[in-house]
Amino acid sequence: DQQVKQNSPSLSVQEGRISILNCDYTNSMFDYFLWYKKYPAEGPTFLISISSIKDKNEDGRFTVFLNKSAKHLSLHIVPSQPGDSAVYFCAASPYFSGGSNYKLTFGKGTLLTVNP
Amino acid sequence: NAGVTQTPKFRILKIGQSMTLQCTQDMNHNYMYWYRQDPGMGLKLIYYSVGAGITDKGEVPNGYNVSRSTTEDFPLRLELAAPSQTSVYFCASSYSLGVQSYEQYFGPGTRLTVT
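Residues numbered from 1 in each chain as written. Chains lettered and ligands numbered in written order. Predicted model: local features only at pLDDT ≥ 70, side-chain atom pairs only at ≥ 80, totals over all residues. Heavy atoms only, no water.

A. The arrangement of the overall build of chain B in detail. When you go through chain B residue by residue, the secondary structure sums to 0 helices and 13 strands. In chain B, the succession of α and β elements from N to C terminus is β-β-β-β-β-β-β-β-β-β-β-β-β. Against the globule reference of 13 Å for 115 residues, chain B gives a C-alpha radius of gyration of 13 Å, in line with a compact fold. On the principal axes, the C-alpha backbone points of chain B span a range of 40 × 25 × 25 Å. Relative to its 115 residues, chain B shows a buried fraction of 44%. Long-range pairs, those at least 24 residues apart, make up 55% of the contacts in chain B between residues at least 6 apart in sequence. (Helix = DSSP H or I, 4+ residues; strand = E, 2+ residues; numbered from the N terminus. Rg over C-alpha atoms; globule rule 2.2 N^0.38 Å. Buried < 20%, exposed > 50% of the residue type's maximum accessible area, 1.4 Å probe, protein only. Contact = heavy atoms within 4.5 Å.)

Shown next, in the form of structure tokens:
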């Protein structure tokens, strides 16, 4: 049973446009969410996180939005650059629900391709 | 800083063989983790450790063993390798303060094939 779902295996956008990557979760205990970026033959690298007390978090070109009632989060990249081409993983944990924020549940990932 | 290093990068095992995947971090992180990523899937937690001498099972621990004798090292042992263990294995580490853990840093991975 997938508790973190990334329903789009791939996404292609033009350089300079917005990339929107989506993630849905089913476990209502999840309240801390992260996005990781992964290039081929490398390990994932942390991008941005958000806790359930917020509905938005920004870091430069990257913004994560959280809709708790819909159990949905999205990562916006504006403007998209060719170097952003990678696999993006959404991850979640039940930190504030009395769990821990180090046992992460990952989605399957979305391959983003940014075309010059 | 080297960060998280893993050896080997690639390995082919025959069914029933054993091997140890090595993981070392030089960031003095107290938490360390082992994940596996199967093709087209997300990462799944195999084992984790919250400090030297303390380990615990993750989501998919069967067929694996770990030990944590030092802060820096967290080896993963495969006994009696099976084709189902063909995967890419990632080691990660994070700093923590109490139960608050910060971002996890990942190694480059070990690609293992069992035939």
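B. A look at the state of the cysteines. As enumerated under the stated definition, the model contains 2 disulfides over all chains in all. The side chain of Cys23(A) participates in a disulfide bridge whose partner is Cys90(A); the two sulfur atoms lie 2.1 Å from each other. The sign of the -75 degrees torsion about the S-S bond sets the Cys23(A)-Cys90(A) disulfide as left-handed. Separated by 67 residues along the polypeptide, Cys23(A) in strand 3 (residues 19-25) and Cys90(A) in strand 9 (residues 86-93) bring together distant segments of the chain. You can call Cys90(A) buried: its relative accessible area is 0%. Two residues share a disulfide in this structure: Cys23(B) and Cys91(B), whose sulfurs sit 1.8 Å from each other. Because the torsion about its S-S bond is -70 degrees, the bridge between Cys23(B) and Cys91(B) counts as left-handed. (Disulfide = S-S within 2.5 Å.)

C. Looking closely at the sheet that holds strand 7 (residues 64-66) of chain B. All names here are of chain B. A sheet is described by the order of its strands in space; here 4 strands give the open sequence 1-3-8-7, paired in antiparallel fashion. Sheet topology places strand 1 (4-7) and strand 7 at the edges, where each strand pairs with a single neighbour. Ignoring which end each strand starts from, the neighbouring axes of this sheet average 20 degrees apart. Relative to strand 3 (residues 19-25), strand 1 is paired through 4 bridges, and the arrangement is antiparallel. Paired with Gln-6 across the bridge in strand 3 is Cys-23. (Pairing = 2+ DSSP bridges. Axes fitted to C-alpha atoms, helices over the stretch in contact; angles between N-to-C directions.)

D. Structural view of the interface of chain B and chain A. Contact residues are listed per partner, giving 20 residues for chain B and 16 residues for chain A. For the pair chain B and chain A, the summed buried area comes to about 1600 Å², and 60% of that belongs to carbon and sulfur atoms. Joining chain B to chain A, the criterion identifies 0 salt bridges. Looking at the side of chain B that touches chain A, the elements with two or more residues in it are strand 4 (31-37), strand 5 (43-51) and strand 11 (100-101) of chain B. A breakdown of the residues in the side of chain B that touches chain A according to their chemical character gives 12 nonpolar, 7 polar and 1 charged. (Buried area = accessible area lost by both parts, 1.4 Å probe. Salt bridge = Lys/Arg side-chain N within 4 Å of Asp/Glu carboxyl O. Nonpolar A, V, L, I, M, F, W, Y, C, P; charged D, E, K, R; others polar.)

E. Looking closely at the nonpolar core. Phe33(A), Trp35(A), Leu73(A), Leu75(A) and Tyr88(A) are the most contacted members of the largest nonpolar core, which has 23 residues in total. The dominant element in this core, judged by the number of residues it contributes, is strand 9 of chain A, at 4 residues. (Core = buried A, V, L, I, M, F, W, Y, C linked by side-chain atoms within 4.5 Å.)

F. Quick look at the sheet that holds strand 8 (residues 72-77) of chain A. Residue and element names in this part refer to chain A. Reading across from one edge, 1-3-8-7-6 is the order of the 5 strands in this open sheet, with antiparallel pairing throughout. At either end of the open sheet lies a strand with only one pairing partner, and these are strand 1 (4-5) and strand 6 (56-59). Bridging between strand 6 and strand 7 (residues 62-67) involves 4 bridges; their strand directions are antiparallel. Across the sheet, residue Lys-56 finds its bridge partner in strand 7, namely Phe-65.

G. Broad picture of the pattern of salt bridges. Inspection of every chain in the model, using the stated rule, returns 4 salt bridges over all chains. Residue Asp84(A) is joined to Arg61(A) by a salt bridge in which the shortest nitrogen-to-oxygen separation is 2.8 Å. Taken together, the residues Asp84(A) in the loop between strand 8 and strand 9 and Arg61(A) in the loop between strand 6 and strand 7 connect sequence positions 23 residues apart. Taking relative accessible area as the criterion, Asp84(A) reaches 2% and is therefore assigned buried. Between Arg77(B) and Glu79(B) there is a salt bridge; the shortest N-O distance is 3.1 Å. Relative accessible area serves as the criterion here: at 36%, Glu79(B) is assigned to the partly exposed category.

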